[in-house]
Amino acid sequence: MNRKFLLIIISICSLSLLTSCWNRKELNELAIVVGMGIDIEDGKFVVTVQVVNPGEIAESQGGSGKSPVVVYQEKGNTLFEAIRRITTVSPRKLYFSHLRLLVLGEEFAKKGIAKTLDLLSRDPEMRADFYIVVAKNKKAGDILKIVTTMERIPVQQVFESLQSSEKAWATTIQITMDQLIYDIISEGISAKLTGIKLIGDVQDGGKLENTQQTKPTAFLKYDSIGVFRKDKFIGWLSESESKGLNYALGNVTSTVVTIPCPQKGKTAIELIHTTSELNTEVSDHKPKGIIKVTTVGNVGNVQCKTLDLTKPETISILERETKKNIEHSINKSLYAARKKYKIDPFGFGEALHRSNSDYWHLIKKDWLQILENMPVEIDVKVKIHNIGKIKNSPLNEIKN
Amino acid sequence: MLENGKISPHQYTIMIAFFIVGGSILYTPSGLVHSAKQDAWMANIIVVGLGLILVSLFNLLGSRFPTMNLTEYSERILGKWLGKLLSFLYFIYFFLSLAVFIRQIGDFVIIQILPDTPILPLHILLIGIMIMGVLYGIETFSRAIEIFFPIIFLLLLIFIISIFPMIEFQQLQPILANGTKPIISAAVKSVGTPYLQLVLFLMVFPAVNQTTKAKKSFLLGTFIGGTVLTVVTLLSILCLGTYFSENMEFVAYALALKINIGGFWQRIEAVMAFIWFISIYIKITLYFYGSIICMGQILELKEYKCLTFPLGLITLVLSLIINKNIVESDKQAEWWTSFSLPFGLFFPLLLLIVSKIRKKDSY
Amino acid sequence: MKRKITLILFFSSIILLTGCWNKRELNELSILLGLGIDKEKEQYIITAQVVNPSEIASKKGGSGKAPVIVYQSKGETLFEAVRKITTVAPRKLYFAHLRILVFGEDLAKEGIGEMIDALIRNSEVRDDFYIAVSKNSKAADVLKILTPLETIPANSLFASLEVSAKEWSPTEGVTLDKLVSNMVSEGNNPILTGIELKGPVKTGESNKNVDQTNPKTLLRYKGLAVFKQDKLIGWMNERESKAVHYALGKVKSSVGFVKCPEGGKAVIEVVKTKSKLNTMIIKGRPHGTIKIKILGNVAEVDCQSLDLTDPKSIPYLEKESEEALIKIIKSTIQHAQKDFRTDIFGFGEALYRSEPDYWKKHKREWEQLYSQMPVSVKVEMNIRQTGTINNSPLHEMK
């Protein structure tokens, strides 16, 4: 009995005593950063942070009409300086563990991002699970100022949109910190990041009125993928090139492919499971790349009158066309990467390193030149399983 | 004798009704409407008639050897090796049908209910419970069916009544606009699914404990199943019209989707799916049972349960590769009748005639 | 022991078996309520009206954000455009709760068939939503407008279409399967209700629009879009649309008026209608007949001369209203026959039902036959009640 009593006392005491030590941070002393943007202006770093406004988020009954997030912006000679300077305006210390999105300004990315990444990966508060995107034609700061409707925290919306667009449309790519650093330092693969675009005006987008309209005047939209040479941003891929890159990297799970019908019109094929493999082999001292894509699809939408979906032959025609389309976009992305930008976002070098490491060490220095003319075999296998709820389109019944 | 379980004629009736409804409730109208248009329901009545004639043939054969199943007496009638060959052909027929029906369920689920789900796990689940059903034996299995019967019957009734407000009688007109030819040809074409398939019940026939009653319940079961199919066909023409009845992939399900009474009695299509799942489960399990007994008889095993797992595994693989896509499955329905014809009609007829000539019966 | 294991297995399977690849949590879905489709050059532009869950769910008013959000995207096919929305929206669109589909007028003129295919092919789309055509504006603009009373505009459009179809009758909610059946039929053509935008789009988009008692921008149903197969070929006005619905027997309840013998009007409320449409062959030529039976009440009398206590006045009203109705229906049919040359009444189908052989022989030239086909219209009006008073107070005024 006595012992039990003692135990209870001790445990209650320890509850109040063991509240972590020097690094203890209370929730009400922190400003939780969910989004960070980095720009460069006249040689100085401009850091923009989107901080959750806890009062607005916690309230279950609508809040007081204030913006759910606060955006702070400061300049500094170094990134660290700029971040610390924010405390002069923010009442609380910035807390980075919940960072969801890092936006890099296009100008800034062009100058090189390696040093910045150094700081970010050095800071123990930073986790590596946030996504990194590039602000297309705009400052990263502007992207973070836009308020959104669907999710109360704008960055959360952007974060989810990146996930859903990669899952369902596949022209975007989710890159986290560790992946980006790996891509930059590795010699056999180049970095790539998704671009985000601001449509409309920053001034309008920052106001709460923007969310009071059914169609916001300013909103954010993901665009295609941007590519880097080492740590410097060098250009954008087009939509179909981005898709091609994602096919090769195995990032596509589901997307829609629009193919022409045998005669006039178009058909949309929904790909539902896609897997791909990227390999290299060396024969006669010459490297060769192999991209294998296997995909299963459904007929999603028939917009022509001539397609007879009760015949198995029609399905093989559609399979062939889909295959062509996928091969075409992979080829386009190969061309853009190798000829236009002279980089290797696919990671053929990495693959070569894995398969023939001796050979790789031999040619590593001239890799990009070798890559430029390396033959790449593209092997796409398409299987169309289903055609949806109906067989022939009602268009088939409409004469004239 | 591989099977020692006994089932009652009542269970036998229910089993047959489920068997007929199972494979066809989602598919029937489509094929019939394709050629017979709005007169498809008449074609359906003719098919039921044809089915009943077939069943009488099966009854004749079955009652000649009341304690033996198809494979046993084919060996008896045709001699050991020829009989075994015939049994093997039947095995292939049952086994292929099994794979086709499993694939149908998979296709249905991934088209209508879970479009992003791969077909493999669905098949594994299905084959799992199918193996379970066979391992328990025909007696337990048929009792389970008996439990399901009132539930399914009630649901079907609810389904049919719920559709009534959507009926437009003018969809049926004009009656016999294209003459009787397309109706008869549609009827003959669709006799394959499911009536020729009833030959499978010659494998179950000896398990029924009263032979004379078994004959009656065979006919009754066929009649009940056929009536349900006719009603579904009629309803789909009355509610959806000929275009949808012909072009929808799963007509009966589309019918269930339409149910909306007063804005609250709606979105009950799961009822339809449930009816179909139960009945096609019964169908595939019977097919699996049939193929296993067939194989056991050919190999002259003493016990058939050891075959379930290996054959189940083969079924899984076969069901995945039997059709490349849904269009092929649909196409297959068209030639399935001609494929079933020797098994469902010629061979039983042959057995009957030869047994009469050679004066063989069970004793 | 064995029982325990079964129990554990049972409970763990509840947690594990929560839908597999297709599981979608509510907070991962954008619930689509209204969809607008326009065409620009070769590209389709879709406008999706999506519920803003935080605004709808919170009980006390929310934070003043718009109750719905509109996303737009372009694509060569409808499916592609739908998927592209994910680059703007945080969640994937969920189609099962679609309430209204609006086609832009320009798209409708080029043909809506291509769009219909995607909708009936997709297993997520049900056919319990209504379809309308935006008149004189883009479908996109219609979906941007916020409405009073119902917070969700798509629901408001859906409900008002239902109510006005019941009470007023120039509009009718057409569902996807009806539209498709009429579109593919050789002896029938679809009609859809038109939606008109009143006021500027800009003001309608904002929450401020519904803060006023008299919103500057409104949506209203107006007219009937007449299709030939899948192409819009013209509009009918309110009077004509009503006539079409009378002819098709779709009027559940409506209001009409007749002139009194010496000026003024008497209003008749229609309670029940029944119509029969037939096509017969008379001397080798098709001949259409429409028989309408109407049950009505006297709802309002604006004239002094009508003595409702006089047994003759009811037959008078009946006759007058019959004649008036026959006149509009006849002129509407003529309009459809001569100007549009499209069989929206389904005379062709009626012919197929009554004379299948004749139909088979002549269905190629049906458009020609139809446009010259004489149609006789018979209306039988029955006025039952005169309301709670007999004579109008006006009657007493000398």
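Residues numbered from 1 in each chain as written. Chains lettered and ligands numbered in written order. Predicted model: local features only at pLDDT ≥ 70, side-chain atom pairs only at ≥ 80, totals over all residues. Heavy atoms only, no water.

Draft legend 1. Broad picture of the overall build of chain C. A tally of regular secondary structure across chain C gives 16 helices and 14 strands. Reported as C-alpha extents along the three principal axes, the dimensions of chain C are approximately 85 × 60 × 60 Å. Of all 398 residues assigned to chain C, the portion counted as buried reaches 56%. Here the analysis covers contacts within chain C between residues at least 6 apart in sequence; of these, 71% occur between residues at least 24 apart. Total accessible area computed for chain C in this model is approximately 18500 Å², and 54% of it derives from carbon and sulfur atoms. (Helix = DSSP H or I, 4+ residues; strand = E, 2+ residues; numbered from the N terminus. Buried < 20%, exposed > 50% of the residue type's maximum accessible area, 1.4 Å probe, protein only. Contact = heavy atoms within 4.5 Å. Areas by Shrake-Rupley, 256 points an atom, 1.4 Å probe, with all protein chains shown as cover.)

Draft legend 2. Region of the structure containing the overall build of chain B. Across its full length, chain B carries 13 helices and 2 strands. Over its C-alpha trace chain B gives a radius of gyration of 20 Å, about what one expects of a compact globule, namely 21 Å for 363 residues. For chain B, with 363 residues in total, the buried portion stands at 61%. In chain B, of all internal contacts separated by at least 6 residues, the share reaching a separation of at least 24 is 86%. Carbon and sulfur atoms provide 72% of the accessible area of chain B, an area that totals close to 13800 Å². Here chain B holds 24 positive side-chain charges and 18 negative ones, and the gap between their average locations is 11 Å. (Rg over C-alpha atoms; globule rule 2.2 N^0.38 Å. Lys, Arg positive; Asp, Glu negative; His and termini not counted. Charge placed at Lys NZ, Arg CZ, Asp CG, Glu CD.)

Draft legend 3. Structural detail: the interface of chain A and chain C. The partner chain C presents 58 residues to the 55 residues of chain A that form the contact. Taking both partners together, chain A and chain C bury about 4800 Å²; carbon and sulfur atoms supply 55% of that area. Across the contact surface, chain A and chain C share 5 salt bridges. The partner of Glu160 of chain A in a salt bridge is Arg91 of chain C, and the shortest N-O contact between them spans 3.8 Å. Taken together, chain A and chain C are joined by 24 residue pairs in polar contact (both at pLDDT 80 or more). (Buried area = accessible area lost by both parts, 1.4 Å probe. Salt bridge = Lys/Arg side-chain N within 4 Å of Asp/Glu carboxyl O. Polar contact = N/O pair within 3.5 Å; in protein donor to acceptor, adjacent residues only side chain to side chain.)

Draft legend 4. Inspection of the nonpolar core at higher detail. Formed by 266 residues in total, the largest nonpolar core has its most connected members in Met36 of chain A together with Ile25 of chain B. No other element matches the 19 residues that helix H11 (residues 269–298) of chain B contributes to this core. What Met36 of chain A contacts, discounting residues up to four positions off in sequence, is Val47, Thr48, Val49, Ile83, Phe96, Leu99, Leu101, Leu102, Val103, Leu120, Met126 and Leu144 of chain A. Core analysis: the next-biggest nonpolar cluster, separate from the first, contains 47 residues, Val226, Leu306, Leu308 and Ala336 of chain C among them. (Core = buried A, V, L, I, M, F, W, Y, C linked by side-chain atoms within 4.5 Å.)

Draft legend 5. Main features of the pairing of strand S5 (residues 101–105) of chain A. Residues and elements named next belong to chain A. Burial of S5 is extensive: 5 of the 5 residues sit out of reach of the surface. Along S5, one buried face is formed by Leu101, Val103 and Gly105 and the opposite face, lined by Leu102 and Leu104, is buried too. Taken together, the 4 bridges between strand S1 (residues 30–41) and S5 define a ladder with parallel strand orientation. Of the residues in S5, the one forming a bridge with Ile38 is Leu104. (Pairing = 2+ DSSP bridges.)

Draft legend 6. Local environment of helix H10 (residues 239–249) of chain A. Residues and elements named next belong to chain A. The element H10 is extensively covered by neighbouring structure, given that 8 of its 11 residues are classed as buried. If you check which residues of H10 are buried, you get Glu241, Ser242, Lys243, Gly244, Leu245, Asn246, Tyr247 and Ala248. Among the structural elements, strand S7 (192–199), strand S8 (219–229), strand S10 (255–260), strand S11 (266–283), strand S12 (286–303) and helix H11 (312–340) are those in contact with the buried residues of H10. Two residues or fewer after H10 comes Gly250, characterised by a positive phi angle close to 80°.

Draft legend 7. Up close: the confidence of the model for chain B. Residue-level pLDDT values for chain B average 86, and 98% of them are 70 or greater. Per-element mean pLDDT across chain B ranges from 79 in helix H2 (residues 28–36) of chain B up to 92 in helix H12 (residues 308–321) of chain B. (pLDDT = per-residue confidence, 0-100.)

Draft legend 8. View of the side chain of Asp107 of chain B. Within the secondary structure, Asp107 of chain B sits in helix H5 (residues 80–113). A residue is classified by how much of its surface remains accessible, and Asp107 of chain B, at 2% relative accessible area, is buried. In this structure the side chain of Asp107 of chain B is engaged in a polar contact, spanning 3.4 Å, whose partner is the side chain of Ser329 of chain B. If near-sequence neighbours (up to four positions away) are discounted, Asp107 of chain B is found in contact with Asn386 of chain A together with Ile119, Phe250, Ile326 and Ser329 of chain B.

Draft legend 9. Summary view of the interface of chain A and chain B. In this complex, chain A contributes 22 residues to the contact, which on the side of chain B involves 23 residues. Where chain A abuts chain B, roughly 1800 Å² becomes buried across the two surfaces, and 55% of that area is made up of carbon and sulfur atoms. Inspection of the region where chain A meets chain B yields 0 salt bridges. There are 6 residue pairs in polar contact (both at pLDDT 80 or more) connecting chain A and chain B. At the level of elements, S11, H11 and strand S13 (376–386) of chain A are the ones that each hand at least two residues to the side of chain A that touches chain B.

Draft legend 10. Layout of the pairing of strand S2 (residues 43–51) of chain C. Residues and elements named next belong to chain C. For S2, the buried fraction is high: 8 of the 9 residues fall into the buried class. As paired elements, strand S1 (residues 29–40) and S2 share 8 bridges and run antiparallel to each other. Bridging from a neighbouring strand, Leu35 pairs with Ala48 of S2. Hairpin connection between S1 and S2: a loop of 2 residues separates the two successive antiparallel strands, and Lys41 in this loop has a positive phi of roughly 55°.

Draft legend 11. Geometry of the domain arrangement of chain C. Residue and element names in this part refer to chain C. In terms of domains, chain C is made up of domain 1 (27–55 + 63–236) and domain 2 (238–398). One C-alpha centre belongs to domain 1, the other to domain 2; they are set 31 Å apart. In this complex, domain 1 contributes 23 residues to the contact, which on the side of domain 2 involves 30 residues. Carbon and sulfur atoms make up 56% of the area that domain 1 and domain 2 hide from each other, which totals about 2100 Å². The closest approach of N and O atoms between Lys363 and Glu186, which form a salt bridge, is 3.6 Å. Sorting the residues of the side of domain 1 that touches domain 2 by element identifies helix H7 (153–167), strand S9 (218–228) and strand S10 (231–236) as the ones contributing at least two each. Of all the elements, S9 adds the most residues to the side of domain 1 that touches domain 2, at 5 residues. (Domains from an automatic or database assignment.)

Draft legend 12. Seen up close, the environment of Ala31 of chain A. Residue and element names in this part refer to chain A. Position of Ala31 among the secondary structure elements: in strand S1. Expressed as a C-alpha distance, the spacing of Ala31 and Thr87, which sit 56 residues apart in the sequence, is 9.8 Å. When sequence neighbours within four positions are dropped, the list of residues in contact with Ala31 reads Val51, Ser90, Arg92, Lys93, Leu94 and Tyr95.

Draft legend 13. Highlighting the state of the cysteines. Using the criterion set out here, one finds 1 disulfide over all chains in the structure. The side chain of Cys261 of chain A participates in a disulfide bridge whose partner is Cys304 of chain A; the two sulfur atoms lie 1.9 Å from each other. Here the S-S torsion is close to -70°, and the disulfide linking Cys261 of chain A with Cys304 of chain A is therefore left-handed. Here Cys304 of chain A lies in the loop between S12 and H11 and Cys261 of chain A lies in the loop between S10 and S11, a separation of 43 residues in the sequence. Of the two residues, Cys261 of chain A and Cys304 of chain A, neither departs from the other in class, the shared state being buried. As a non-bridged cysteine, Cys294 of chain B has Cys306 of chain B as the owner of its nearest cysteine sulfur, 15 Å distant. (Disulfide = S-S within 2.5 Å.)

Draft legend 14. Summary view of the environment of Phe149 of chain B. Residue and element names in this part refer to chain B. Inspection of the secondary structure puts Phe149 in helix H6 (residues 119–163). Since its relative accessible area comes to 26%, Phe149 is described here as partly exposed. Along the primary structure Phe149 and Met15 are separated by 134 residues, whereas in three dimensions their C-alpha atoms are 9.1 Å apart. Residues within four places of Phe149 in sequence aside, it is in contact with Ile14 and Phe18.

Draft legend 15. Local environment of the sheet that holds S10 of chain A. Residues and elements named next belong to chain A. Pairing is mixed in the open sheet, where 4 strands are placed in the order S10-S11-S12-S13. Of all strands in the sheet, those with a lone pairing partner are S10 and S13, marking the two edges. The mean inter-strand angle of the sheet, taken between neighbouring strand axes irrespective of direction, is 35°. Note: S10 against S11, 6 bridges, orientation antiparallel. Directly across from Thr255, in S11, lies its bridge partner Leu271. (Axes fitted to C-alpha atoms, helices over the stretch in contact; angles between N-to-C directions.)

Draft legend 16. Geometry of unusual backbone geometry. Of note, the phi angle at Asp42 of chain A is positive, near 50°, even though the residue is not glycine. Relative to the helices and strands, Asp42 of chain A is located in the loop between S1 and strand S2 (44–52). Backbone geometry at Lys37 of chain B places phi at a positive 50°, although glycine is not the residue there. You can see Lys37 of chain B is positioned in the loop between H2 and helix H3 (40–64). Judged by relative accessible area, Lys37 of chain B falls into the partly exposed class, the value being 30%.

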